Amino acid sequence: MKTLILIALAGLAAQLVDGGLGMGFGATSTTILILLAGLGPAQASAAVHVAELGTTFVSGVSHWRFGNVDWRVVFRLAIPGALGAFAGATVLSSLSTDAARPLTAAILAAIGLNLIWRFSRGRVRRSVNSQPHSTGFLGGLGLFGGFIDASGGGGWGPVTTSTLLSLGRTEPRRVVGTVNTAEFLVTLGATLGFVIGLWEELVANLPAVLALLIGGTIAAPLAAWLVTRLNPVALGGIVGTLLLLLNLPVVLKFFAVTQPVVLTLQLATLVIGLALTWVGYQRARRNQLDAAVVTGVKEQPSNDRVKV
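Residues numbered from 1 in each chain as written. Predicted model: local features only at pLDDT ≥ 70, side-chain atom pairs only at ≥ 80, totals over all residues. Heavy atoms only, no water.

A. Representation of the overall build of the protein chain. Secondary structure assignment for the protein chain yields 11 helices and zero strands. When the helices and strands of the protein chain are read in sequence order from the N terminus, they spell out α-α-α-α-α-α-α-α-α-α-α. Expressed as a percentage of the 308 residues in the protein chain, the buried residues total 49%. Sequence separation of at least 24 residues holds for 82% of the intrachain contacts in the protein chain that already meet a minimum separation of 6. Approximately 14,300 Å² of the protein chain is accessible, and the part contributed by carbon and sulfur atoms is 70%. (Helix = DSSP H or I, 4+ residues; strand = E, 2+ residues; numbered from the N terminus. Buried < 20%, exposed > 50% of the residue type's maximum accessible area, 1.4 Å probe, protein only. Contact = heavy atoms within 4.5 Å. Areas by Shrake-Rupley, 256 points an atom, 1.4 Å probe, with all protein chains shown as cover.)

Written as structure tokens, this is what we have:
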């Protein structure tokens, strides 16, 4: 029962992060499941993806209803993404726990670095041009994002959303809506891979899947409210710092780094990550002020949501 409560709390925490950033459910919940609930990397990723079947479906329908979805991009991104996710799940399922743990930790740590770097820029919004993405580019991005998502227990959003936003060819709301809608097929591909490779473990961990789903469902309304209160630049930097901080020891242990060095690097990660988060927050505030001066719009409170 204690483990199930921890898993439900993991789902709740991950949904709060995802609600504030539009990404991070998989990476956050997988990290918590491995570190607090004691699940192996493959089992944690499998539980997360089965639970995400419900959350991604609802998310996709919601974005479709609000007109945030570009269906031409969805399928060009989702089909290769599903294939990549199936491959990633198959690879992870075939690895032993000892072999999978450093691989998963390295991917999650890389996601943390990506979030720290992205949000340290504090960019409010890029200009949008109408030049479409090529099918080959979207296919390659989807394939890579899907593989990382399944093998690392998360990463579809940090890989695909961050890339498409940085290119500035589509308005942010349509990027987020399109990527979230495509994620349902990606999650389905990963789940099929885990069903084939880890069917018995999935059945055994079904209570964990339900606990994760319940925790995320409970947090969904709160996350929808918090999204208007939390500053996503600060939240993104903090989450990235924590992902790197928690997964770095596993990666370093694989390379036989001594404990004093590990602790030193963790401390450095914490200090640098929080410093960059503060820099990103200040940059975002300056960007808001500059935008307000140019457009003549009254400055918004500092806790308003910032487009990134």
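B. Main features of the UniProt feature "transmembrane region" (unreviewed entry) in the protein chain. The sites that carry the UniProt feature "transmembrane region" (unreviewed entry) are, in the present numbering, residues 29-52, 73-93, 99-117, 175-199, 205-226, 233-255 and 261-281. Between the C-alpha atoms that bound residues 233-255 the distance is 33 Å, and the span itself is 96% helix and 0% strand. (UniProt positions renumbered as here; feature names shortened; annotations may be inferred.)

C. Summary view of the pattern of salt bridges. For the structure on display, the rule yields one salt bridge. Its salt-bridge partner being R72, residue D70 comes within 3.3 Å of it at the nearest N-O pair. With relative accessibility at 13%, the residue D70 sits in the buried group. Residue R72 is classed as exposed on the basis of its relative accessible area of 62%. (Salt bridge = Lys/Arg side-chain N within 4 Å of Asp/Glu carboxyl O.)

D. Structural detail: the side chain of E52. Relative to the helices and strands, E52 resides in helix α3 (residues 41-65). Buried within the structure, E52 lacks any salt-bridge partner; its nearest side chain of opposite charge belongs to R118, at an N-O separation of 15 Å. Aside from chain neighbours lying at most four places away, what touches E52 is F25, G26, F57, E183 and T187. (Lys, Arg positive; Asp, Glu negative; His and termini not counted.)

E. Spotlight on the packing of aromatic side chains. Taken as a whole, this structure holds four aromatic pairs when the rule is applied. Considering the side-chain rings of F254 and F255, the 5.2 Å spacing of their centres and the 85 degrees angle between planes classify their relative orientation as edge-to-face. The aromatic ring of W117 is capped on one face by R121, whose charged end is 4.2 Å from the ring centroid. (Phe/Tyr/Trp six-rings, centres within 6.5 Å; stacked < 30°, edge-to-face > 60°. Lys NZ or Arg CZ within 6 Å of the ring centre and 35° of its normal.)

F. Structural view of the nonpolar core. Within the largest apolar cluster, 41 residues are counted, with the highest numbers of intra-cluster contacts made by L77, I111, L115, L164 and F194. Elements with a contribution of two residues or more to this core: α1 (2-21), α3, α4 (71-94), α5 (97-120), α6 (135-152), α7 (156-167), α8 (172-204) and α10 (232-254). Beyond its immediate chain neighbours, meaning those up to four positions away, L77 contacts L138, L141, G142, W156, L164, V179 and A182. (Core = buried A, V, L, I, M, F, W, Y, C linked by side-chain atoms within 4.5 Å.)

G. Spotlight on a nonpolar patch on the surface. Residues L35, L36, I238, L242, L246, L267, L270, V271, I272, L274 and L276 make up a contiguous nonpolar surface patch of about 950 Å² in total accessible area. Those elements that provide at least two residues to the nonpolar patch are α10 and α11 (259-295). Looking at which element gives the most residues to the nonpolar patch, the answer is α11, with six residues. Here I272 shows up in helix α11. (Patch = residues over 30% accessible without salt bridge, like charges linked within 9 Å, V, L, I, M, F, W, Y side chains within 5 Å.)

H. Region of interest: the environment of G84. Inspection of the secondary structure puts G84 in helix α4. In this structure the C-alpha to C-alpha distance between G84 and V186, which are 102 residues apart in sequence, comes to 8.0 Å. Leave out the neighbours within four places in its chain, and G84 touches L143, G146 and F147.

I. Layout of the environment of F254. Its location among the elements puts F254 in helix α10. Linking F254 and D98, residues 156 residues apart in sequence, is a C-alpha distance of 9.7 Å.

J. Seen up close, the packing of α5 against α10. The contact between α5 and α10 brings their axes to 7 Å, and the two run at 150 degrees. In this view, α5 runs roughly antiparallel relative to α10, as classed from their interaxial angle. Once α5 is placed against α10, the crossing between them reads as left-handed. In the contact of α5 with α10, the residues fall into 18 nonpolar, six polar and one charged. (Axes fitted to C-alpha atoms, helices over the stretch in contact; angles between N-to-C directions. Parallel < 35°, antiparallel > 145°, perpendicular 65-115°, else oblique. Left-handed = near helix turned anticlockwise from the far one by under 90°. Nonpolar A, V, L, I, M, F, W, Y, C, P; charged D, E, K, R; others polar.)

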